[in-house]
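Chain residues, written in single-letter form:
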Amino acid sequence: MRRLKLAFLFAVKCLGGFAIARRLTRQHLKILCYHGFALKDEAVFRPKLFISPQVFEQRMERLRQLGLRVLPLDQAVTQMYEGRMPDDALVITIDDGFHSVATIAAPVLARHGFPSTVYVTSYYVKHAVPVFRLVVQYMVWKTAQARLVLNGHDWHPDGEVDLRDPGLREAFSDHCIRYGEALDQEAGRLRICEELGQLLGVPFQDIIDQRILHLMTPDQLRGLEAQHMDVQLHTHRHRFPRDDEAVASREIEDNRCSLSDWLPGRQLVHFCYPSGIWDERQWAWLDDLGVRSSTTCLSGLNSAATPRHALYRFLDGDNIHPLEFEAAVSGFSDLIKRRY
C-alpha cells in the first residue's frame, strides 16, 4: 500500500497536481512539526520522533527551492486572523526542546534564514537529566539480550522476561516507566536507568555523555534568539490533563515561570499540547492563562476559520518520504482528505 501511495503521489506531481494544490491553498497557513534530530541512532529507534540531520537538511533545501514563505509563528498567526497573511506562508515548529535542536536544527535553519518556534517543556531542562521514559524505551530497543532475568529489583517483579516477544518487551518497558514516573525524586529514576542499563548491556553513562535524550540547557535556550528561534510554552512536566483545570493551569504557570527565569522579558503566549492530546474544554483555560494560540498534532490547513487553540500541523520525521513531505507542504494531502 505504501508503494502504491508513493507511485500515486509521483504521478500527481509529474502531472502538475502539487502545483495546482499549492495555488488552491496559497491563502492557507501550513505548519510543520519536528521533535528531535538524531545525534546517533535515535531516528532508527523512533523515526516519527527523530529525524536524521541529512533528511532535515534536504527538507529545508526543498522549502527553499519551492519558494515557500517561512514566517515566525507569532507573525503568521496574527496576520492569518487579521486577513492579511501573504501567499504560501509556512511555519516551522519544534516540540520538546531536545539538545539536538541547538546542535543540529539551529545551524541548518540559520543557514537557510528560516525562523522557527521551539515549544520547550521545562522540567528536564531544569533538572539536567535525560528524559526517563525515553531512556527506558531506548535501552529496551537497543539491547542485544534475548532474555532478562530479574531478581531483587524494586522497580519490577522477579522473574524472566522474553525480550524477543514484542508484546512482552513493551509490557516490560511500560511497567518500568510507570514505576519510575510515580517516584517523587529524580534520583530514584536515575538509579533505575543505571541498573536497567547494566542488565541490558546498554550503558546509561553513554546515553548521558552523548546527550541524545537530554533537553537543552538554559544557556542553549538563551542562544536560540540569535538564530531566530522563538521559545514558547509546552508545559513543565509534559502533561496537560483534560479533566483537571487546576493541574493544567499549574503546568502552564510552572512552564512560563521557568522559561521566564531563563529568558527574562520573553513574551510566552503560544502553546503546544503535550503528545497532541487536547479537548475543547481546555480552550477557555488557555484564554484565561493568556495563551493566544495552541498547536495540535493533527494534519490540516489553517485559515482564519481555524480555532486559535486547534491549529493543524504536519508531523515530519524520518518515516516520511520526500513525496509525502512535498504533498503536505503543497496542500495536496489535505485537499485529498477533504475530498474523500
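That block above? That's the structure.
Residues numbered from 1 in each chain as written. Predicted model: local features only at pLDDT ≥ 70, side-chain atom pairs only at ≥ 80, totals over all residues. Heavy atoms only, no water.

Caption draft 1: Structural view of the overall build of the chain. Regarding its fold elements, the chain presents 16 helices and 12 strands. Against the compact-globule benchmark of 20 Å for 340 residues, the chain has a radius of gyration of 21 Å, which places it among compact chains. Projected onto its principal axes, the C-alpha positions of the chain cover 65 × 50 × 40 Å. Taken across its 340 residues, the chain has 54% of its residues classed as buried. Contacts in the chain between residues far apart in sequence, at least 24 positions, make up 69% of those at least 6 positions apart. As displayed, the chain has an accessible area near 15500 Å², and 53% of this comes from carbon and sulfur atoms. Across the chain, the centroid of the 41 positively charged side chains sits 8 Å from that of the 43 negatively charged ones. (Helix = DSSP H or I, 4+ residues; strand = E, 2+ residues; numbered from the N terminus. Rg over C-alpha atoms; globule rule 2.2 N^0.38 Å. Buried < 20%, exposed > 50% of the residue type's maximum accessible area, 1.4 Å probe, protein only. Contact = heavy atoms within 4.5 Å. Areas by Shrake-Rupley, 256 points an atom, 1.4 Å probe, with all protein chains shown as cover. Lys, Arg positive; Asp, Glu negative; His and termini not counted. Charge placed at Lys NZ, Arg CZ, Asp CG, Glu CD.)

Caption draft 2: Representation of the pairing of strand β6 (residues 116-120). Burial of β6 is extensive: 5 of the 5 residues sit out of reach of the surface. Inspection of the sheet shows strand β5 (residues 89-96) paired to β6 by 4 bridges, in the parallel sense. Looking across to β6, one finds that Asp-95 is bridged to Tyr-119. The parallel pair β5 and β6, bridged by helix α6 (residues 99-112), forms a crossover whose chirality is right-handed. Judged from the 5 bridges that link them, β6 and strand β9 (residues 229-233) form a sheet pairing that is parallel. Bridge pairing in β9 places Ser-116 opposite Met-229. (Pairing = 2+ DSSP bridges. Right-handed = clockwise from strand over helix to strand, strands pointing away.)

Caption draft 3: Quick peek at the packing of aromatic side chains. All chains considered together, the criterion is met by 16 aromatic pairs. A centroid spacing of 5.5 Å and a plane angle of 50 degrees characterise the contact between Phe-45 and Trp-141, whose relative ring orientation is tilted. Residue Phe-45 is located in helix α3 (residues 42-45), and its partner Trp-141 is located in helix α8 (residues 132-142); the two are separated by 96 residues in the primary sequence. Relative accessible area serves as the criterion here: at 30%, Trp-141 is assigned to the partly exposed category. Aromatic pair Phe-240 and Tyr-273: ring centres 6.3 Å apart, planes at 55 degrees, arrangement tilted. Of this pair, Phe-240 sits in the loop between β9 and α13 (245-262) while Tyr-273 sits in the loop between β10 (270-272) and α14 (282-288), and the two are 33 residues apart along the sequence. An aromatic cluster of at least three residues, connected via ring pairs, comprises Phe-240, Phe-271, Tyr-273, Trp-278, Trp-283 and Trp-285. A cation over a ring is seen here: Arg-308 above Tyr-81, with NZ or CZ 4.2 Å from the ring centre. (Phe/Tyr/Trp six-rings, centres within 6.5 Å; stacked < 30°, edge-to-face > 60°. Lys NZ or Arg CZ within 6 Å of the ring centre and 35° of its normal.)

Caption draft 4: Structural detail: the nonpolar core. Tyr-34, Leu-63, Ile-92, Phe-172 and Leu-221 are the most contacted members of the largest nonpolar core, which has 85 residues in total. With near-sequence residues (within four places) excluded, Phe-172 lies in contact with Val-140, Leu-148, Leu-150, Trp-155, His-156, Val-161, Leu-163 and Leu-196. Counting residues in hydrophobic clusters, the runner-up holds 14 residues, among them Val-77, Met-80, Val-91 and Cys-272. (Core = buried A, V, L, I, M, F, W, Y, C linked by side-chain atoms within 4.5 Å.)

Caption draft 5: Examining the pattern of salt bridges more closely. All chains considered together, the criterion is met by 26 salt bridges. We note a salt bridge from Arg-111 to Glu-57, for which the minimum N-O separation is 2.6 Å. Taken as a pair, Arg-111 in helix α6 and Glu-57 in helix α4 (residues 53-66) lie far apart in primary sequence, 54 residues in all. On the basis of relative accessibility, which here comes to 23%, the residue Glu-57 falls in the partly exposed class. A salt bridge links Arg-292 to Asp-74; the shortest N-O distance between them is 2.7 Å. A residue pair is termed long-range when its members are at least 10 positions apart, and Arg-292 in the loop between α14 and β11 (293-295) and Asp-74 in helix α5 (residues 73-82) qualify at 218 residues. Through salt bridges with shared partners, a single ionic network connects Arg-237, Arg-239, Glu-251 and Asp-254. (Salt bridge = Lys/Arg side-chain N within 4 Å of Asp/Glu carboxyl O.)

Nothing here speaks to function; it is all geometry.
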